[in-house]
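Report on the structure
Here's the letter readout for the chains.
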Amino acid sequence: MKRLLLVILLLSLSYSAFTVTALDVTVDVNEDGSADITEDLYLLITTDYHISVYTNGLTQNDLASWGSLTGLSDVRHHVDNRIVDVQNVVVRPQPVSRCNPLADLCHGELKISYKVDAYRTKEGNAVDNSGLFLADEYKPRTTRYILNSGGMSFEESDLGDVILGENERLTFVFPKMSKITEVTPLPEGVSKDEVGELKELGWENTVLARFNIVFEVEESLDTEVLQFFLDAREGITDLVSGPEGPALIILVVIIIGGYLHLQGKVKKVKK
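Analysis parameters
- Residues numbered from 1 in each chain as written.
- Predicted model: local features only at pLDDT ≥ 70, side-chain atom pairs only at ≥ 80, totals over all residues.
- Heavy atoms only, no water.
- Helix = DSSP H or I, 4+ residues; strand = E, 2+ residues; numbered from the N terminus.
- Buried < 20%, exposed > 50% of the residue type's maximum accessible area, 1.4 Å probe, protein only.
- Contact = heavy atoms within 4.5 Å.
- Areas by Shrake-Rupley, 256 points an atom, 1.4 Å probe, with all protein chains shown as cover.
- Disulfide = S-S within 2.5 Å.
- Pairing = 2+ DSSP bridges.
- Salt bridge = Lys/Arg side-chain N within 4 Å of Asp/Glu carboxyl O.
- Phe/Tyr/Trp six-rings, centres within 6.5 Å; stacked < 30°, edge-to-face > 60°.
- Lys NZ or Arg CZ within 6 Å of the ring centre and 35° of its normal.
- pLDDT = per-residue confidence, 0-100.
- Core = buried A, V, L, I, M, F, W, Y, C linked by side-chain atoms within 4.5 Å.
- Axes fitted to C-alpha atoms, helices over the stretch in contact; angles between N-to-C directions.

Scanning the chain from terminus to terminus reveals five helices and 13 strands. Burial statistics for the chain: of 271 residues in total, 32% are counted as buried. Here the analysis covers contacts within the chain between residues at least 6 apart in sequence; of these, 66% occur between residues at least 24 apart. Only carbon and sulfur atoms are counted for the fraction: they give 55% of the accessible area of the chain, which is about 17,200 Å².

See below:
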């Protein structure tokens, strides 16, 4: 009898008491191609014991703790950190809701937020083929950003296409000053003609065959002029603070002094 009770206890503990009911991934893209990502993981929690485990874990804010606590492989960021630099990962568990005491279950939610960017050198330049979007400054004041689909980390088909399962949704939100120029495949209900005017695209429960997004950001002329002067000021500061700085300052003073002296001589001659 004791052995039977032990087996029943072990089976109850091994039973999947945490089940993912839905996953919403929102990629809020910035004008420099980096992105702030929020993942909402909706859970069904069964048994009083596991409801208590979830509730006691509300103070935990890291992925490792929640992955261990729930035993779910979906408690992760859905990007590939070999390709994108994942920063500032925070898990914000929400209190249980919609509890049914008779059925011994509750609903939970994990909000996972983080930022992704390209890996960068010490000089601040993006490492080739890294980042969620690859930048191409193909004409003055305009940068084209192309989705680096390998940076995503969802289930994939044998052909490498992204698979969004049932109740999985992926949404991209684009900067106000951007223009979408290419999307494959088109979201349901969106025509090719209206894509350029949209600032948000979303897919759900589908296979994203040959998944690709291209958008452009065009800087205003004012921004370009301001950046020119900022770069010039930075260049002058670096030059003056370098080893040749003192000699350069003396040379400038001599040139200005010589010019003023000649101007004074010219005025005296005219008089």
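Anyway, onward from the coordinates.
Our next topic: the state of the cysteines. Enumeration over the complete set of coordinates arrives at one disulfide. Disulfide partner of C99: C106, at an S-S distance of 1.9 Å. Here the disulfide of C99 and C106 is right-handed, its torsion about the S-S bond being about 115°.

With that settled, the discussion passes to the pairing of strand β3 (residues 85–100). In this sheet, strand β4 (residues 105–117) lies alongside β3 in antiparallel orientation, the contact comprising 10 bridges. By the bridge assignment for β4, R92 is matched with K111. Counted along the chain from β3 to the antiparallel partner β4, the turn is four residues long, and its residue D104 has a positive phi close to 60°.

Next up on the list: the pattern of salt bridges. Under the counting rule described, the total for this entry stands at eight salt bridges. Its salt-bridge partner being D80, residue R82 comes within 2.7 Å of it at the nearest N-O pair. With relative accessibility at 13%, the residue D80 sits in the buried group. With a closest N to O distance of 3.7 Å, E218 and R141 form a salt bridge. Of this pair, E218 sits in strand β13 (residues 212–218) while R141 sits in the loop between β5 (133–139) and β6 (142–147); the two residues are 77 residues apart in sequence, bridging distant segments of the chain.

Time to look at the packing of aromatic side chains. The way to describe two aromatic rings as a pair is by their centre distance and the angle between their planes. A full pass over the atoms with the stated rule returns nine aromatic pairs. Here the aromatic rings of Y145 and F215 are separated by 5.1 Å at their centres, their planes lie at 20°, and the arrangement is stacked. A residue pair is termed long-range when its members are at least 10 positions apart, and Y145 in strand β6 and F215 in strand β13 qualify at 70 residues. Over the ring of Y138 we find R144; its NZ or CZ atom is 3.8 Å from the centre of that ring.

Attention now goes to the confidence of the model for the chain. Mean pLDDT for the chain: 85, with 79% of residues reaching 70 or above. The low-confidence segment residues 4–14, where pLDDT is below 50, has three contacts with residues more than four positions distant or belonging to other chains.

Another point: the nonpolar core. Core analysis: the biggest nonpolar cluster contains 47 residues, and L132, F133, L170 and F172 have the highest contact counts within it. Once you skip the residues sitting within four places of it in the chain, L170 turns out to touch V25, V27, M152, F154, L164, L201, G202, W203, L208 and F211.

So, about the sheet that holds β13. With antiparallel pairing, the four strands of this open sheet are ordered in space as β5-β6-β13-β10. Looking at which strands have only one partner, the edges of the open sheet turn out to be β5 and β10 (178–184). Here the strands of the sheet are splayed against their neighbours by 20° on average, with no regard to which way each runs. Note: β5 against β6, five bridges, orientation antiparallel. When the sheet's bridge partners are listed, D136 is paired in β6 with R144.

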